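# Working through the structure, step by step
Take a look at the letters that make up each chain.
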Amino acid sequence: MPELPEVEAARRAIADNCIGKKIVKAIIADDPKVIDGVPPNDFKASLEGKTIVAANRKGKNMWIQLDSPPFPTFQFGMAGAIYIKGVAVTKYKRSAVKDDDEWPSKYSKVFLELDDGLEISFTDKRRFAKVRSLENPVSVPPISVLGPDALLEPMTVDEFYKALSKKKIGKRSKEIKALLLDQSFISGIGNWIADEVLYQARIHPMQSASSLSKEDCATLLKCINEVIEKAVEVGADSSQYPTSWIFHSREKKPGKAFVDGKKIEFITAGGRTSAVVPDLQKNMGAESTKAAGKRQQGKVQRVEHNDSDDQDEEPAIEEAETGKSKVKQRGTNTKRASTNKKSKESNSDDDENYSDEGLKKPSGKAKQNRGSKGKVDDQKKKTRATNTAAKRKPEESSDDEDNDDNDASGDDDDNEQDRDYKLFVKTLSKGKKTTKQTGESRQTRNKPSKKQK
């Protein structure tokens, strides 16, 4: 991918070979994805007859200055390249035109023929580049929003250190590699340069930028300058890069990539595949980041338990909600305790009733098998008991009648016991459930009346 050295090599080739020459012919591809914001015919008309005055660059962007605006501006993207036929522009992977190469290439987006016969072509095989025609390229995006150029506008150590210390995403510090790739922070550094300078400086790509010491910043800035200057010096010819650079092993397979005998691992940092040497590049900011997280957590806990007036609103809300939850839980527990108590009392009443009536108490499983039919039978029994009580009321006039009532009541009780026992046996045989009301109704029936007392 073209980065600052590759774009600078293209700029220098145009500056060395094309300045002062007139454009006599222009061919613009009908590709709106690359040719951005201007129709091909209008772009062509704005170029023909113009003289090239200068070639300029900022970051990974280049524009050709003509004797009058607008100026063609090139954002190289992932595969953009400038070729001048007969001139060795650069030796990187998208190299200069060979004699037997197709010319102009089928991937050519802008083709210019000069008055001395020299030909220029901007190609883009992958179509991620952007070519624009701008009145003043430095006053509009993308160039207007770029940070200082890594080669032409180097920062001082103090400026670099202060800039890194301020770079955070929310409350979290930005990773150093992500920051180096941010063209608004410093322009011209791409993936391979970022990996190289971090390796040379022995800094882990995922280390937080704000955790770097001033000495680390000085070392990193020195490596940025050295790597870029060397790459530009050799015209972005990667075969001339020092053998100690990690660059030469970046495209090897995992497990087979080494530099100076040290194993290279490939991780994702700054959203890009990154080459890192774990033995030499330690994430020194990781422990400090964890410690900071623990300190922040401690602060949150202290705030939640603070009863002072200046307490944050959020913890107060959380505490109120927690209190509601506790009250609700206590209410639930009280309700359960009351239910259990009633159940125990009911069981105790059942025990007494079965003992009074001479019946054998059913087992726990039998009690569970009682059904809804028992409820209906119990209701019928309550109705009979009510009718019996109603009949007894007018008969309370004489002692003889009282005795008769006592005898009748005793007979009724015996009959009721027999019916209950038969009903109980029948219920057990069918595996049906009965309810607590059975015991309660028996208890009510078995109580002697005032007259009997």
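What counts and how
- Residues numbered from 1 in each chain as written.
- Predicted model: local features only at pLDDT ≥ 70, side-chain atom pairs only at ≥ 80, totals over all residues.
- Heavy atoms only, no water.
- Phe/Tyr/Trp six-rings, centres within 6.5 Å; stacked < 30°, edge-to-face > 60°.
- Buried < 20%, exposed > 50% of the residue type's maximum accessible area, 1.4 Å probe, protein only.
- Axes fitted to C-alpha atoms, helices over the stretch in contact; angles between N-to-C directions.
- Helix = DSSP H or I, 4+ residues; strand = E, 2+ residues; numbered from the N terminus.
- Parallel < 35°, antiparallel > 145°, perpendicular 65-115°, else oblique.
- Left-handed = near helix turned anticlockwise from the far one by under 90°.
- Contact = heavy atoms within 4.5 Å.
- Nonpolar A, V, L, I, M, F, W, Y, C, P; charged D, E, K, R; others polar.
- Core = buried A, V, L, I, M, F, W, Y, C linked by side-chain atoms within 4.5 Å.

Moving on, we get to the packing of aromatic side chains. Pairs of aromatic rings are described using the distance from one ring centre to the other and the angle between the two planes. Under the counting rule described, the total for this entry stands at nine aromatic pairs. Note on Trp103 and Phe111: the rings are 6.2 Å apart at their centroids and 65 degrees apart in plane angle, and the pair reads as edge-to-face. Across the pair, exposure class does not vary: Trp103 and Phe111 are buried alike. Where Trp192 meets Phe247, the ring centres are 4.9 Å apart and the plane angle is 70 degrees; that geometry is what we call edge-to-face.

Another aspect to go through is the packing of helix α3 (residues 157–166) against helix α6 (residues 214–233). Between α3 and α6, the shortest axis-to-axis distance is 9 Å and the interhelical angle comes to 115 degrees. Regarding the angle of α3 to α6, the classification is roughly perpendicular. Considering only the axes of α3 and α6, their crossing is right-handed. Between α3 and α6, the contacting residues are Val157, Asp158, Phe160, Tyr161 and Leu164 on the first element and Lys214, Cys217, Ala218, Leu220, Leu221 and Ile224 on the second. For the contact of α3 with α6, the per-class residue count stands at nine nonpolar, no polar and two charged.

What follows covers the packing of helix α1 (residues 4–17) against α6. The geometry of α1 relative to α6 is characterised by a closest axis approach of 9 Å and an angle of 40 degrees between their N-to-C directions. When the interaxial angle is binned, α1 and α6 end up oblique. The chirality of how α1 crosses α6 is right-handed. Residues Leu4, Pro5, Glu8 and Arg12 of α1 pack against Ile228, Ala231 and Val232 of α6. Among the residues making up the contact of α1 with α6, the classes are represented as five nonpolar, no polar and two charged.

What follows is about the nonpolar core. Residues Phe160, Leu164, Ile176, Ile189, Val197 and Leu220 are the most contacted members of the largest nonpolar core, which totals 35 residues. Contributions of two or more residues to this core are made by α1, α3, α4 (176–181), α5 (191–201) and α6. Sorting elements by how many residues they give to this core places α6 first, with nine residues. Residue contacts for Ile176: discarding those within four places in its chain leaves Leu164, Leu198, Ile203, His204, Pro205, Gln207, Ala209, Leu212 and Leu220. Residues Cys18, Ile64, Ile84 and Val87 belong to the second largest nonpolar core, which totals 32 residues.

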